[in-house]
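This is what each chain is made of:
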Amino acid sequence: MGKLDGRVAIVTGAARGLGAASAEALCAEGCAVMLADVLDQVTETAQALATKGYRTAACHHDVTSDADWDRVVSETIRQLGDINVLVNNAGITLAASIDDITIDDARRVMEINYFGPMRGMKAVLPSMRRTGNGSIINLSSNSTRMIIGITAPYAPAKAALALLTKNVAVHCAQAGDAIRCNSIHPGPNETPMLFGPDMDRNADAAINLIKPMVAAIPMKRMGLPAEIGSVVAFLASDDSSYMTGAELFVDGGLSLL
Ligand code: NAD
C-alpha cells in the first residue's frame, strides 16, 4: 500500500531534474502522475517510469499558456482522473544584478516562475475541489532568504510565489476546501539547472560555480533530486495533513547562515 494510492498528480517541468524526481517519488507512493514540460524529453521520462510499473502520462505544456493549462488539466482528468496534487516545479534561472537586468528578462522570469504557478493553481482548483483531498506544492527557492546580488530577477519571483502559496493556503482553508498549499525552498541541487543539460560535472563552468557553493553549505554537499522528491511526496500525502502555508527549506542548512 502506497501513501498516495488512488491519487492523481500533475508535475510541471517534469522532463528532468527536480520535476522528474518529484514525479518518481509520487509514483513510488502509488500516485498516478501526468508529467508536463515544454521539452519533448518529458515523454521519455514518463515512459521510463511506466516501464517500472507506475501509472503515468505525458503532455507538452508551457506554464505561461492558459490554453496549455486547460489542455493538461482536461487530459489529466480524461486519462487519470480528477487532480489531487499539483507540483508547480517548472522554472528558469537567470543570473543578473539590478545593473544588468532588463525589464523584458525580469518579465520572462516572472511569467514562468510566478505567473506559471498562479495559472496552474487557478486551472486545477475546480478539479481538486471535487476530490475532497488536495495538495498544492510550489517549488520556490532558498534564494528567498539567501540574498546575493545576482538574483535580481529570480529571487523576487520565488519570494512572490512563497507569499502567494500562503495566500492560497489561507483562502482554501477558510473556504472549507480540503486543499493545502505549501512551498519547498531547495538550495543548490544536482540538476541541469546548475550543471547544464548534459550534467557535465567536470566542465569548468560547473566546477567554478559549484566549489564555492559547496564550501558554504553547512552539510558540505549539494542536494540530490531525490531529496526534494521525498519532501514533495510527504507534502502530497496525509502525513502532512495539518501543514498549510508552510515554507520548507531543503538546503543542507545554507539559508541559516
Ligand atoms: P531544470 O532546469 O533541471 O528543470 C526545469 C524544468 O522546467 C525543465 O525540464 C524545463 O524544460 C521546464 N520548464 C522551463 N520553462 C518551462 C515552461 N515555460 N513551461 C513548462 N516547463 C518549463 O531545473 P531544476 O533544478 O529541476 O529546478 C526545478 C525547480 O526548482 C525550479 O522551479 C527551480 O527554480 C527550483 N530550484 C532549483 C534549484 C537547484 O539548485 N536546482 C534550487 C532552488 C530552486
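This text follows the structure it describes.
Residues numbered from 1 in each chain as written. Predicted model: local features only at pLDDT ≥ 70, side-chain atom pairs only at ≥ 80, totals over all residues. Heavy atoms only, no water.

(A) Summary view of the packing of aromatic side chains. Per the stated rule, a full pass over the model turns up 1 aromatic pair. Centre to centre, the rings of Tyr114 and Phe115 are 5.1 Å apart; their planes meet at 65°, and the pair counts as edge-to-face. Residue Tyr114 is classed as buried on the basis of its relative accessible area of 13%. Note on Phe115: relative accessible area 32%, which makes it partly exposed. Above the ring of Phe249, the side-chain terminus of Arg145 is found at 3.7 Å from the ring centroid. Over the aromatic face of Phe195 sits the side chain of Arg201, whose NZ or CZ is 5.3 Å from the ring centroid. (Phe/Tyr/Trp six-rings, centres within 6.5 Å; stacked < 30°, edge-to-face > 60°. Buried < 20%, exposed > 50% of the residue type's maximum accessible area, 1.4 Å probe, protein only. Lys NZ or Arg CZ within 6 Å of the ring centre and 35° of its normal.)

(B) Representation of the environment of Met213 in the model. Turning to its location among the elements, Met213 is positioned in helix 7 (residues 204-216). In this view, Met213 contacts Pro188 and Leu194; residues no more than four positions away in its chain are not counted. (Helix = DSSP H or I, 4+ residues; strand = E, 2+ residues; numbered from the N terminus. Contact = heavy atoms within 4.5 Å.)

(C) Broad picture of the sheet that holds strand 7 (residues 247-250). The sheet built from 7 strands is open, its strands ordered 3-2-1-4-5-6-7 with parallel pairing. Strands at the two margins of the open sheet, each flanked by one partner only, are strand 3 (56-60) and strand 7. Direction aside, the axes of adjacent strands within the sheet are offset by 15° on average. As paired elements, strand 1 (residues 8-12) and strand 2 (residues 32-37) share 5 bridges and run parallel to each other. (Pairing = 2+ DSSP bridges. Axes fitted to C-alpha atoms, helices over the stretch in contact; angles between N-to-C directions.)

(D) Focus on the site of the ligand. Taken together, 29 residues lie around the ligand, and Arg16, Asp37, Asn89, Tyr154 and Thr191 are the ones closest in. In the model, an oxygen atom of the ligand is placed 2.8 Å from a nitrogen or oxygen of the Leu18 main chain. Between Gly187 and the ligand, the recorded distance is 3.5 Å, taken from a backbone N or O atom to an oxygen atom. Sort the elements by how many residues they give to the shell around the ligand and helix 6 (residues 192-195) lands first, with 3 residues. Along the lines of polarity and charge, the residues of the shell around the ligand split into 15 nonpolar, 10 polar and 4 charged. (Near = heavy atom within 4 Å. Polar contact = N/O pair within 3.5 Å; in protein donor to acceptor, adjacent residues only side chain to side chain. Nonpolar A, V, L, I, M, F, W, Y, C, P; charged D, E, K, R; others polar.)

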